[in-house]
Each structure stands twice: as structure tokens, then as C-alpha cells.
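# Summary of the model geometry
Residues per chain are reported as follows:
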Amino acid sequence: MNKILKFSIAAALVAGTAQAQELRGWNTHVPDYPVSIALDRFVEMVEERTDGRIQMQNYHGATLGEGEFATEQLQFGALDYGVFSTAPMVNTVKELGVTSLPYVFKDPEHQYRVLEGPIGEDIAAAMGEANMVPLSWFASGSRSFYANAPLNSVEDIAGKKFRVQNSDINVAMVEALGANATPLPFGEVYTSIQSGVVDGAENNWPSYESTGHFEVAPYYIIDNHTIVPEGIIFAKTTWDKFSPEDQAIVRAAAQEAAIYQRELWAARETKSREIVEAAGVTIVEGIDTTTFAEKMGPVYEQFASDPVVADLLKRIQATE
Ligand code: GTR
């Protein structure tokens, strides 16, 4: 073997070992959705600021699987990171349950104050036990019910079949309203409403619009029952491989991406509502949500009686 060839093989080997392994990022939304745009920005910031030491690839549109499956993959460390809704995690991390309870947050700002303070640190520690490291929280929007038949009041929710995220709390919430709950993957909701497997679902404006659910369930009642936390979450097994310096870079980029996402979100909420209104969706707003909230007593009893969760709940309620 001549010297030049030997040298280039050696150089390639060195380059090969130095070459960062590409991390895989999960996301359920279409590429032009606020979550997806902000996640792309996050990756650009990290790659640039780590001089390519960390290489990442986002997979949008649930191409790596539906949320429930992806959440498990994250917990096993088979996925490196992504933007995850915490709803499917509440069955494993009981501390997260408190954040999925109906009307636990006064508004999105209240949610950020909770998640970005000491309560959020305790929740993050509990998530760490399940191999998850939350780095920043995105705007996730208030969720409300929609159906293929009129929903003029909370009473109209009773007797219908609703798809829910895969979380025991969501099932209990729907049952407490006298309705039937079916946990289904996000990607199956459209066809499930269309074929009558369920009568409706619940979500925020951007998801209601971007998925086309409004086409098959054109009655939306604004009850704002939950604001389920959602954000950039890493597998702890991946996170622990970063140097402290790189961890600081990645965390800062995730936080900047969240600020960007919240701006995009505000604009998209308005746009999504305009789109569904133009399509003729019937929107019922200004309802008195006290009847809804009162029916949630058993749900709180079931999911917030554990002392650790009860304590978190008290602290959230005491947060201004
Ligand atoms: C959306 C959320 C998704 C997914 C979806 C659902 O609002 O952004 O991550 O959880 O709801 O209903 O499954």
C-alpha cells in the first residue's frame, strides 16, 4: 500500500470516529406547524453552536410512529429527542398527571410559571426516573371538545363517544362528563370520526385545523378544559452523553426555540380559527365552565389523592 493511500485510510478512520452520530428527533406534526418550525430552528442552533459535534435529524409527521409508541421509544432511549405531549406519559410518571387535570392552570402564562419554577424542577426530576429530560416548554394551546353533531353546552357532551389521548386522566375526564372515551393515536382521529368509530375529539385550534378534523367534526365548543404541557424532551441516555458544555448549549437553544414557538403559536391560533370559521364550523363560546369543572371532582379524587401528587397540586394552586 503506498504512503498516500495509507494516510487517507488513517484520516478517514479518524474522521469516522470523530463524526458525530446523528440523533433522531420525533415530532407528530406537519412541517409547517409551529412545533415543527421551532424544532427545525432548534436543530440549526445546536449544530451551529456545537460546530457540528451534535448532529440531529427531525422526523416530522409521526414518520417514526404515533405518540404513544414514540413516548415508549424515548423512555427506552431508542429515540433521542423530540417534541412530546406529556399526556401519554401520565400513566408512567404520576407527577405529570397533575398537569393534565382539567382547569388546573388558569391560563398558558400560569402554566409557564409553574413549569419553569421549582414545581417544574420536581416534575423534571420525576421524568428523569423514566429516562426523560425536559428542556423547554412550548405553547400547547387550550383543548376543547368538537363533534360531528351540535355541542351547545357541556350537557351535549354526555352520551357521545370521544377520542382522547392515551392517558387515564383523559379517559376519566370524559367519563365524568357522562360520555364515552376511546384512546386512539392522533393520526387515526380523522378516519375514526369519519367512519363513526367516535363522534368527536378534543384539541386546540391549530391541531383541529391542521389535521382537517373540522371537516368531519364541524361543531366546536370552547371549554378550554386542559392545557397539556408539551415541549422538547431528550432521552436521558442521550443527554448524559453530552459534555456539560454541550448540555448548556442544547438547553439554551431549546429555550430560545420555545420562545420562538410561542410567537408562531399565537399567530397560528388566530389563523387556524379563521380557517375553520371560513369553512363553516359552528363555534360555541362564552359558556359557563363551572358545571364542567364541578363534574371533575371524582377525577381530582382519583388522580390527586396520592400524597406526592396532592402536594404538587396544592403548590400549583398556590402559584400566582
Ligand atoms: C396535539 C399535540 C400533539 C398530540 C395531539 C393529540 O395538540 O400537539 O402532540 O398529543 O394533540 O391529541 O394526540
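Structural data are supplied above this passage.
Everything in this summary refers to the structure shown in the same document. Owing to the predicted nature of the structure, the values given are computational and were not obtained by experimental measurement.

On to the overall build of the protein. The helix and strand tally for the protein stands at 15 helices and eleven strands. For a compact globule of 320 residues, the expected C-alpha radius of gyration is about 20 Å, and the protein comes in at 21 Å, within 12% of that figure. Overall, the C-alpha framework of the protein stretches about 80 × 45 × 30 Å when taken along its three principal axes. Counting only residues that meet the buried cut, the protein has 53% of its 320 residues in that class. Of all intrachain contacts in the protein linking residues separated by at least 6 positions in sequence, the fraction that spans at least 24 positions is 76%. Counting only carbon and sulfur atoms, one obtains 52% of the accessible surface of the protein, whose full area is about 14000 Å². Here the protein contributes 23 positively and 44 negatively charged side chains, and the mean placements of these two sets differ by 6 Å.

A few words on the site of the ligand. All residues adjacent to the ligand are T28, H29, S85, R143, R163, Q165, F186, N203, N204, S207 and E230. The contact in question runs from an oxygen atom of the ligand to an N or O atom on the side chain of N203, over 2.8 Å. One nitrogen or oxygen atom from the side chain of E230 is found 2.9 Å from an oxygen atom belonging to the ligand. Split into classes, the residues belonging to the shell around the ligand amount to one nonpolar, seven polar and three charged. Residue contributions to the shell around the ligand reach at least three from each of two domains, namely domain 1 (3–140 + 228–270) and domain 2 (143–227 + 279–318).

A few words on helix α15 (residues 307–318). When the terminal C-alpha atoms of α15 are compared, their 16 Å separation across twelve residues agrees well with the 16 Å that a helix rising 1.5 Å per residue should span. Among all positions in α15, only V309, L312, L313 and I316 are buried. Looking down the long axis of α15, one finds its buried residues gathered within 100 degrees of arc, a one-sided arrangement. Exposed residues on α15 whose side chains face more than 90 degrees from its buried face are P307, K314 and A318.

In this section: the packing of helix α6 (residues 118–129) against α15. With their axes 10 Å apart at the nearest point, α6 and α15 run at an angle of 155 degrees to one another. Classified by the angle between their axes, α6 and α15 sit roughly antiparallel to one another. Regarding α6 and α15, the two cross each other, and that crossing is left-handed. On α15, the residues touching P118, I119, D122 and I123 of α6 are L312, R315 and I316. A class-by-class count of the residues in the contact of α6 with α15 yields five nonpolar, no polar and two charged.

Taken as a whole, helix α7 (residues 168–176) has its buried residues at I169, N170, V171, A172, M173 and V174. One or two residues past the end of α7 sits G178, with phi positive at roughly 80 degrees.

Turning to the nonpolar core, a few remarks are in order. If you look at the biggest cluster of nonpolar residues, it comprises 54 residues, and the most contacted ones within it are F84, L101, M127, M132, F145, F162 and V174. If you tally residues by element for this core, the top one is α7, at five residues. Counting contributing residues, this core receives three or more from each of domain 1 (3–140 + 228–270) and domain 2 (143–227 + 279–318). With 28 residues, the next largest nonpolar core counts Y33, V133, L135 and A253 among its residues.

On to the sheet that holds strand β10 (residues 230–235), then. Strand order in the open sheet formed by five strands is β2-β1-β3-β10-β4, and the pairing between neighbours is mixed. Both edges of this open sheet fall to β2 (55–59) and β4 (132–137), since each of them pairs with a single strand only. Strand-to-strand twist across the sheet, computed as the mean angle between neighbouring axes with direction ignored, equals 30 degrees. Both strand β1 (residues 22–26) and β2 contribute to a ladder of five bridges, which runs parallel. If you follow W26 over to β2, its bridge partner there is Y59. Against the sheet, α6 contacts β4 and β10, and its axis sits at roughly 145 degrees relative to β4.

Take the pattern of salt bridges next. One pass over the structure, following the stated rule, counts eleven salt bridges. With a closest N to O distance of 2.9 Å, E256 and R49 form a salt bridge. Of this pair, E256 sits in helix α12 (residues 244–278) while R49 sits in helix α2 (residues 34–49), placing them 207 residues apart in sequence. Judged by its relative accessible area of 36%, E256 is partly exposed. Under the relative-accessibility criterion, R49 is labelled partly exposed at 34%. Put simply, R315 and D311 hold a salt bridge, and the shortest N to O gap is 4.0 Å. Linking R315 with D311, this pair stays in helix α15, spanning four residues, or about one helical turn. Exposure remark for R315: the relative accessible area of 27% places this residue in the partly exposed category. It is possible to trace a salt-bridge network through shared partners that takes in D122, D311 and R315.

Definitions and cut-offs
- Residues numbered from 1 in each chain as written.
- Predicted model: local features only at pLDDT ≥ 70, side-chain atom pairs only at ≥ 80, totals over all residues.
- Heavy atoms only, no water.
- Helix = DSSP H or I, 4+ residues; strand = E, 2+ residues; numbered from the N terminus.
- Rg over C-alpha atoms; globule rule 2.2 N^0.38 Å.
- Buried < 20%, exposed > 50% of the residue type's maximum accessible area, 1.4 Å probe, protein only.
- Contact = heavy atoms within 4.5 Å.
- Areas by Shrake-Rupley, 256 points an atom, 1.4 Å probe, with all protein chains shown as cover.
- Lys, Arg positive; Asp, Glu negative; His and termini not counted.
- Charge placed at Lys NZ, Arg CZ, Asp CG, Glu CD.
- Near = heavy atom within 4 Å.
- Polar contact = N/O pair within 3.5 Å; in protein donor to acceptor, adjacent residues only side chain to side chain.
- Nonpolar A, V, L, I, M, F, W, Y, C, P; charged D, E, K, R; others polar.
- Domains from an automatic or database assignment.
- Expected span 1.5 Å × (residues − 1).
- Arc of directions from axis to C-beta.
- Axes fitted to C-alpha atoms, helices over the stretch in contact; angles between N-to-C directions.
- Parallel < 35°, antiparallel > 145°, perpendicular 65-115°, else oblique.
- Left-handed = near helix turned anticlockwise from the far one by under 90°.
- Core = buried A, V, L, I, M, F, W, Y, C linked by side-chain atoms within 4.5 Å.
- Pairing = 2+ DSSP bridges.
- Salt bridge = Lys/Arg side-chain N within 4 Å of Asp/Glu carboxyl O.

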